[in-house]
Protein chains: 2
Amino acid sequence: MNKRELSQEELQLWYKWKGTFNNIFGRVIKEMSEHTGLSEGDYGVLDRLDLLGDGKLRQQELADSMDWDKSRLSHHLTRMEKRGLVTRKPLDADRGVLVGITDVGTSALSDARPIVAMAIRRHFLDQLTDLDIASITKLAEKTKTRSP
Amino acid sequence: MNKRELSQEELQLWYKWKGTFNNIFGRVIKEMSEHTGLSEGDYGVLDRLDLLGDGKLRQQELADSMDWDKSRLSHHLTRMEKRGLVTRKPLDADRGVLVGITDVGTSALSDARPIVAMAIRRHFLDQLTDLDIASITKLAEKTKTRSP
DNA sequence: ATAGCACGGTTGACGTGTCAACCACAATAC
DNA sequence: GTATTGTGGTTGACACGTCAACCGTGCTAT
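Residues numbered from 1 in each chain as written. Chains lettered and ligands numbered in written order. Predicted model: local features only at pLDDT ≥ 70, side-chain atom pairs only at ≥ 80, totals over all residues. Heavy atoms only, no water.

Going by the annotation in an unreviewed UniProt entry, the name recorded for chain A is MarR family transcriptional regulator, with Cohnella rhizosphaerae given as the source organism.

Structure below.
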């Protein structure tokens, strides 16, 4: 069998996997954004500010914790700042920037937490067997990003 | 246990699952786009034109087969047309549009096929055990989009 | 007839992502 | 001194996705 070609079954598996992810992930995100007006990125930012930094983090740490590059985060924070979810304050120590969560951000996050939790439970966790869980865990281990 | 909250393990599972998908999927797409200049969307369009329509399909059929809405496809075709990958021809029968693959598109597709196949094999299929395959298959069945 | 609707598509606005170029400043190299 | 490099971040351009509004045209109901 030619290694350069995929069988019908192999290709179908790839499409099924993509489709499943997009379905589940899309449902969770849609549920959150419809109920809270937050996007996935917004939630990630607010969540880390709250949990990791007790409300404030320097931009680079935030980017690292989200596995985002600095440009992506910079653009995203610009939009979030405009909506009053976060603030940016220059740190004259070393040209860094301290990102802080606002009251608006805090309250949006509180609203979002239970909704996200329930969405993940309904659309994802409730669909999984113990076998699926084992599979996901091992696959994640096997395909982790190699730290440079 | 409060159903509105997720345990650490549950949350970790969600993140692992997202991370695994993004890693594998990102690797496959990056490999294709670096070698051929095609995006995932480009490949999908060309692939379906070739396989389903022998080089031409009306826009709505194309959109349906990709599970894209008409707006998304319209925008994407505009970009692909500009690059000479496809053509659009009005069907005066019913205001439909016939999308056709060009020589440039055909040759780009031929280049991409083996690369995509090998990338899917290396980054995805080769990582799976029989157990993973069973899990993926069943989960796909369970979470399929409801048709209407 | 005409009002309403469905179909097939386009368009504009805007959020999101990526890439490469840039900027200011500090530390180090020569 | 003057390069070079590194750090921390911004910016602009452009691809991609989604949403809502719109445009012709034909079909149907009244």
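With that settled, the discussion passes to the overall build of chain A. When helices and strands are tallied, chain A shows six helices and three strands. In sequence order, the secondary structure elements of chain A are arranged as α-α-β-α-α-β-β-α-α. On C-alpha atoms alone, chain A measures out to a radius of gyration of 19 Å, which is more than a quarter above the 15 Å that the 2.2 N^0.38 rule sets for 148 residues. Residues classed as buried in chain A amount to 45% of the 148 residues present. In chain A, once contacts between residues fewer than 6 apart in sequence are set aside, the share between residues at least 24 apart is 51%. Of the accessible surface of chain A, which amounts to about 8600 Å², a share of 51% is contributed by carbon and sulfur atoms. Side-chain charges in chain A split into 24 positive and 23 negative, and the spacing between the mean points of these groups amounts to 4 Å. (Helix = DSSP H or I, 4+ residues; strand = E, 2+ residues; numbered from the N terminus. Rg over C-alpha atoms; globule rule 2.2 N^0.38 Å. Buried < 20%, exposed > 50% of the residue type's maximum accessible area, 1.4 Å probe, protein only. Contact = heavy atoms within 4.5 Å. Areas by Shrake-Rupley, 256 points an atom, 1.4 Å probe, with all protein chains shown as cover. Lys, Arg positive; Asp, Glu negative; His and termini not counted. Charge placed at Lys NZ, Arg CZ, Asp CG, Glu CD.)

Take empty space enclosed by the protein next. Under the defined criterion, the tally for this structure stands at one cavity of 30 Å³ or more. The space that makes up the largest cavity amounts to roughly 210 Å³. Along the walls of the largest cavity sit 16 residues, with Trp 17 and Ile 136 of chain A together with Trp 17, Ile 136 and Leu 139 of chain B positioned nearest its centre. At the level of secondary structure, the elements contributing two or more residues to the lining of the largest cavity comprise helix H1 (8-36) and helix H6 (130-143) of chain A together with helix H1 (8-36) and helix H6 (130-142) of chain B. Here the element with the most residues in the lining of the largest cavity is H6 of chain B; it accounts for five residues. Class assignment for the residues of the lining of the largest cavity results in nine nonpolar, four polar and three charged. (1 Å grid on protein atoms, 1.4 Å probe; cavity = no way out; pocket = protein on both sides within 12 Å on 5 of 7 lines; lining within 4 Å. Points joined across faces, edges and corners; volume = space filled by probe spheres on them. Nonpolar A, V, L, I, M, F, W, Y, C, P; charged D, E, K, R; others polar.)

The subject of this paragraph is the protein's contact with DNA strand D. In the vicinity of DNA strand D there are 18 residues, among which Lys 70, Ser 74, His 75 and Val 97 of chain A together with Ser 71 of chain B approach most closely. Each atom of DNA strand D within 4 Å of the protein was assigned to sugar, phosphate or base; sugar and phosphate come to 58%. The separation between a phosphate oxygen of DNA strand D and a polar main-chain atom of Gln 60 of chain A is 3.0 Å. Ser 39 of chain B has a polar side-chain atom sitting 2.9 Å from a phosphate oxygen of DNA strand D. Where the surface near DNA strand D is concerned, the elements lending two or more residues are helix H3 (59-66), helix H4 (70-82) and strand S3 (96-101) of chain A together with helix H4 (70-82) of chain B. For the surface near DNA strand D, a count of residues per class yields one nonpolar, ten polar and seven charged. (Near = heavy atom within 4 Å. Polar contact = N/O pair within 3.5 Å; in protein donor to acceptor, adjacent residues only side chain to side chain.)

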